[in-house]
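Structural features, examined
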Amino acid sequence: QQQVKQSPQSLIVQKGGISIINCAYENTAFDYFPWYQQFPGKGPALLIAIRPDVSEKKEGRFTISFNKSAKQFSLHIMDSQPGDSATYFCAASRDGNQFYFGTGTSLTVIP
Amino acid sequence: DAGVTQSPTHLIKTRGQQVTLRCSPISGHKSVSWYQQVLGQGPQFIFQYYEKEERGRGNFPDRFSARQFPNYSSELNVNALLLGDSALYLCASSLADSNSAQYFGPGTRLLVL
């Protein structure tokens, strides 16, 4: 059973636009929700993370929105740039132990 | 500061062989986790070690084993390799075993022929 479901599988956005990636989780015991960015041939890099006691967290152009009742969270990339083109993964964990990852979203930002 | 380092970067093995992958965590990090990432998928949890003790194990067969050393570096061993073991093996380190961000290394690309 997929613990974290991610959509869309791929996304194409114009430069300057907003990229939105969504995730849903099942286990209400999860208490840490990070987003990772991965370029081809590289390991995932931590972008931003949120805990369920807040509904939104912003760091630069990246914002996480968190809806505890719906068990959903999303990543918004404002003013998307071609350099943001990568695969993005959401994840969830309980007590920072085993992390469950989504299946990834391939983002392409076209100039 | 150096990030998580892994060796080797690439490895080619044949079915039935054994492989050992190595990971050095970020300085000061005491927890190391191992993940398998098949092409086009998200990382799948294999093991977590904290203070040299196993703290979690994912749904992988007993052919997979790991250990953590006193300097907090770690090894992942895979015996009796199968074609399906071909993947990117990622190591991640964190400060503590709970409520801590995990930072990934570049991975070891394993190809089993």
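Attention in this report is confined to the structure presented alongside it. (Residues numbered from 1 in each chain as written. Chains lettered and ligands numbered in written order. Predicted model: local features only at pLDDT ≥ 70, side-chain atom pairs only at ≥ 80, totals over all residues. Heavy atoms only, no water.)

Interfaces are often sized by the accessible area lost when the parts come together. With 21 residues of chain B at the interface, the matching set in chain A holds 19 residues. Applying the counting rule to chain B against chain A returns zero salt bridges. Applying the counting rule to chain B against chain A returns two residue pairs in polar contact (both at pLDDT 80 or more). Of all elements in the fold, only strand 4 (31-37), strand 5 (44-50), strand 9 (87-94) and strand 10 (103-104) of chain B reach the threshold of two or more residues within the side of chain B that touches chain A. (Contact = heavy atoms within 4.5 Å. Salt bridge = Lys/Arg side-chain N within 4 Å of Asp/Glu carboxyl O. Polar contact = N/O pair within 3.5 Å; in protein donor to acceptor, adjacent residues only side chain to side chain. Helix = DSSP H or I, 4+ residues; strand = E, 2+ residues; numbered from the N terminus.)

For the rest of this paragraph, the subject is the state of the cysteines. Formally, a disulfide is one covalent bond, and it connects the sulfur atom of one cysteine to the sulfur atom of another. Inspection of the entire model under this criterion finds two disulfides over all chains. Across the disulfide from Cys 23 of chain A sits Cys 90 of chain A; the S-S distance is 1.8 Å. Of note, the bridge from Cys 23 of chain A to Cys 90 of chain A carries an S-S torsion of about -90° and is left-handed in sense. Here Cys 90 of chain A lies in strand 9 (residues 86-93) and Cys 23 of chain A lies in strand 3 (residues 19-25), a separation of 67 residues in the sequence. Each member of the pair, Cys 23 of chain A together with Cys 90 of chain A, is buried. Here Cys 23 of chain B pairs with Cys 91 of chain B through a disulfide, and the sulfurs are 1.8 Å apart. (Disulfide = S-S within 2.5 Å. Buried < 20%, exposed > 50% of the residue type's maximum accessible area, 1.4 Å probe, protein only.)

What follows concerns the nonpolar core. Ranked by internal contacts, the top residues of the largest apolar core, which has 24 residues, are Tyr 25, Phe 33, Trp 35, Phe 73, Leu 75, Tyr 88 and Leu 107 of chain A. Listing elements by their share of this core, those giving two or more residues are strand 2 (10-14), strand 3, strand 4 (33-38), strand 5 (45-50), strand 7 (62-67), strand 8 (72-77), strand 9 and strand 11 (105-110) of chain A. The element best represented in this core is strand 9 of chain A, accounting for four residues. In this structure Phe 33 of chain A touches Tyr 25, Ile 48, Ala 49, Ile 50, Pro 52, Ile 64, Phe 66, Phe 73, Ala 91 and Ala 92 of chain A, once residues within four positions along its chain are discounted. By size, the runner-up hydrophobic cluster in this structure holds 21 residues, among which are Val 78, Leu 81, Ala 87 and Val 112 of chain B. (Core = buried A, V, L, I, M, F, W, Y, C linked by side-chain atoms within 4.5 Å.)

The analysis is restricted to geometry; functional conclusions fall outside its scope.
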